[in-house]
Amino acid sequence: MYDVGNIAIIGSGSWATAIAKIVVEHTHHIGWYFRKEDTIDAFRRLGHNPTYLTSAHFDTNELTLSTDINRLVNDYDTLIFVTPSPYLKALLKKVRTKLTNKTIVTAIKGIVPDENLVCSEYFHRVFKVPESNLAVIGGPSHAEEVAMERLTYLTVGCTDLEKAQALTEVLASSYVKTKTSPDVIGIEYASVLKNVYAIASGICAGLKYGDNFQAVIISNAMQEMERALNSLNPMQRSMTDSVYLGDQLVTGYSNFSRNRTFGMMIGKGYSVKSAQMEMEMIAEGYFGTKCMKEINRHLHVNMPILDAVYNILYEGISPQIEIKLLTDSFR
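Residues numbered from 1 in each chain as written. Predicted model: local features only at pLDDT ≥ 70, side-chain atom pairs only at ≥ 80, totals over all residues. Heavy atoms only, no water.

In the structure shown here, the tally under the stated rule is 11 salt bridges. Here Lys89 makes a salt bridge to Glu115, at a shortest N to O gap of 2.6 Å. One end of the pair, Lys89, is in helix H4 (residues 85-92); the other, Glu115, is in the loop between strand S6 (111-112) and strand S7 (117-118), and 26 residues separate them in sequence. By relative accessible area, Lys89 is classed as partly exposed at 23%. Where Asp241 meets Lys179, a salt bridge forms, and the shortest distance between an N and an O atom there is 4.0 Å. Here Asp241, found in the loop between helix H9 (211-232) and helix H10 (242-253), pairs with Lys179, found in strand S10 (residues 176-181); they are 62 residues apart in sequence, far enough to count as distant. Given the relative accessible area of 38%, Lys179 is considered partly exposed. Because the salt bridges share partners, they merge into one network encompassing Lys21, Glu25 and Glu149. (Salt bridge = Lys/Arg side-chain N within 4 Å of Asp/Glu carboxyl O. Helix = DSSP H or I, 4+ residues; strand = E, 2+ residues; numbered from the N terminus. Buried < 20%, exposed > 50% of the residue type's maximum accessible area, 1.4 Å probe, protein only.)

Quick look at the structure:
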């Protein structure tokens, strides 16, 4: 059985905190990267992340909290990256240690801007991490529900299924059930697209479209996602698996979904900038929309929902007009 070794969490947001909670319950020790020393000081004093998921309490004796990314990369075998995708590139520029012999796990549901690569592709192409050393954690999973220990299902994708299985055992608990998948790229792109479609769902909710239409737009979103995944990473997969359909449903419908919330604000008449300013957390789908639009210029996949969201967010087209055109294309 593959040994995951010592584990470090790279990131300090809500999903990073939720994953840290899951992992430390099993391993009783993790490294954990934070950007700011004062956040670490507050964490040690309070026994919880002072900024995110404050209800999740930790034994600080089980944590090595550090602002030194190179220290953690040097000292730990498995690195779970949970930073917002727009910040990953800048963070990795600080790394002076080779990553090729590390197990890199990405729980980032976004694309590296300017590179137009999902995170595993970025680690492979830029940092030469072998594909067998790359894994991804997929949902459906809201950090808030993990903090409350509500039943959650996670999928670990890795081309080396022995490593995937070892990682699932670290993540499994009384409230987390796990499974493995070889579809690393598909899971990552699905996690990007589901955020785009959640924005679309939110826009429609903000425009007062009802539940009937919400069901139709999610159904069409899944068809669109399947076309895209088949083009990006052709392989046998079931789109009804929880890591695809389940993640889309929870992101499209849940009040915990920041992408749906962002979309609702747009649908209600907020400008993109004002909606971003009012939200406390990043809506990854905003960045994912532009990246996927660029990627699809080369794929030429029929993706009308992606196009509609892009036109609303980046071209300034009226949500009322764009969604009306979209409704006329559905059957």
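With that settled, consider the pairing of strand S3 (residues 63-66). Residues Leu63 and Leu65 of S3 are buried on one face, and the alternating residues Thr64 and Ser66, pointing to the opposite face, are buried as well. Looking at chain direction, strand S2 (residues 30-33) and S3 are connected through 4 bridges and run parallel. Paired with Ile30 across the two strands is Leu63, which belongs to S3. In this fold, S2 hands off to helix H2 (residues 37-46), which returns the chain to S3; that crossover is right-handed. (Pairing = 2+ DSSP bridges. Right-handed = clockwise from strand over helix to strand, strands pointing away.)

A surface patch of nonpolar side chains, amounting to about 270 Å² of accessible area, comprises Ile317, Ile321 and Leu325. By the secondary structure assignment, Leu325 is in helix H15 (residues 319-329). Since its relative accessible area comes to 52%, Leu325 is described here as exposed. (Patch = residues over 30% accessible without salt bridge, like charges linked within 9 Å, V, L, I, M, F, W, Y side chains within 5 Å. Areas by Shrake-Rupley, 256 points an atom, 1.4 Å probe, with all protein chains shown as cover.)

By the definition in use, this model includes 14 aromatic pairs. Their ring planes at 70° and their centres at 6.0 Å tell us that Tyr122 and Phe127 sit as a pair that is edge-to-face. (Phe/Tyr/Trp six-rings, centres within 6.5 Å; stacked < 30°, edge-to-face > 60°.)

Looking now at the nonpolar core. Buried together is how nonpolar side chains tend to be arranged in soluble globular proteins. By size, the foremost hydrophobic cluster in this structure holds 49 residues, and its most contacted members are Ile217, Phe262, Ile305 and Leu313. Counting only elements with at least two residues in this core, the list comes to helix H8 (184-206), H9, H10, helix H11 (258-267), helix H12 (272-278), helix H13 (284-299), helix H14 (304-314) and H15. Considering each element in turn, this core owes the most residues, 12 residues, to H8. In contact with Ile217, other than residues within four places in its own chain, are Ala200, Cys204, Ile305, Leu326 and Phe330. Ala16, Ile30, Val82 and Ala164 belong to the second largest nonpolar core, which has 40 residues in total. (Core = buried A, V, L, I, M, F, W, Y, C linked by side-chain atoms within 4.5 Å. Contact = heavy atoms within 4.5 Å.)

Looking at the element boundaries, Thr97 is found in the loop between H4 and strand S5 (103-106). Considering only alpha carbons, one finds Thr97 and Arg71, 26 residues apart in sequence, at a separation of 9.1 Å. Excluding residues that lie within four positions of it along the chain, Thr97 makes contacts with Asn70, Val73 and Asn74. Side chain to side chain, Thr97 and Asn74 meet in a polar contact 3.2 Å long. (Polar contact = N/O pair within 3.5 Å; in protein donor to acceptor, adjacent residues only side chain to side chain.)

Bringing the packing of H8 against H9 into the picture now. The geometry of H8 relative to H9 is characterised by a closest axis approach of 10 Å and an angle of 155° between their N-to-C directions. It follows from the interaxial angle that H8 and H9 lie roughly antiparallel. Where H8 crosses over H9, the two elements pack in a sense that is right-handed. Here H8 contributes Gly186, Tyr189, Ala190, Leu193, Lys194, Tyr197, Ala200, Ser201, Cys204 and Ala205 to the contact with H9, which in turn contributes Phe213, Gln214, Ile217, Ala221, Glu224, Met225, Ala228, Leu229 and Leu232. Here the contact of H8 with H9 is built from residues that sort into 14 nonpolar, 3 polar and 2 charged. (Axes fitted to C-alpha atoms, helices over the stretch in contact; angles between N-to-C directions. Parallel < 35°, antiparallel > 145°, perpendicular 65-115°, else oblique. Left-handed = near helix turned anticlockwise from the far one by under 90°. Nonpolar A, V, L, I, M, F, W, Y, C, P; charged D, E, K, R; others polar.)

A separate point is the packing of helix H5 (residues 119-127) against H8. With their axes 9 Å apart at the nearest point, H5 and H8 run at an angle of 130° to one another. With respect to H8, the axis of H5 lies oblique. Counted together, Cys119, Ser120 and Glu121 of H5 and Val184, Ile185, Glu188 and Tyr189 of H8 form the full contact between these two elements. Looking at the contact of H5 with H8 residue by residue, the classes come out as 4 nonpolar, 1 polar and 2 charged.

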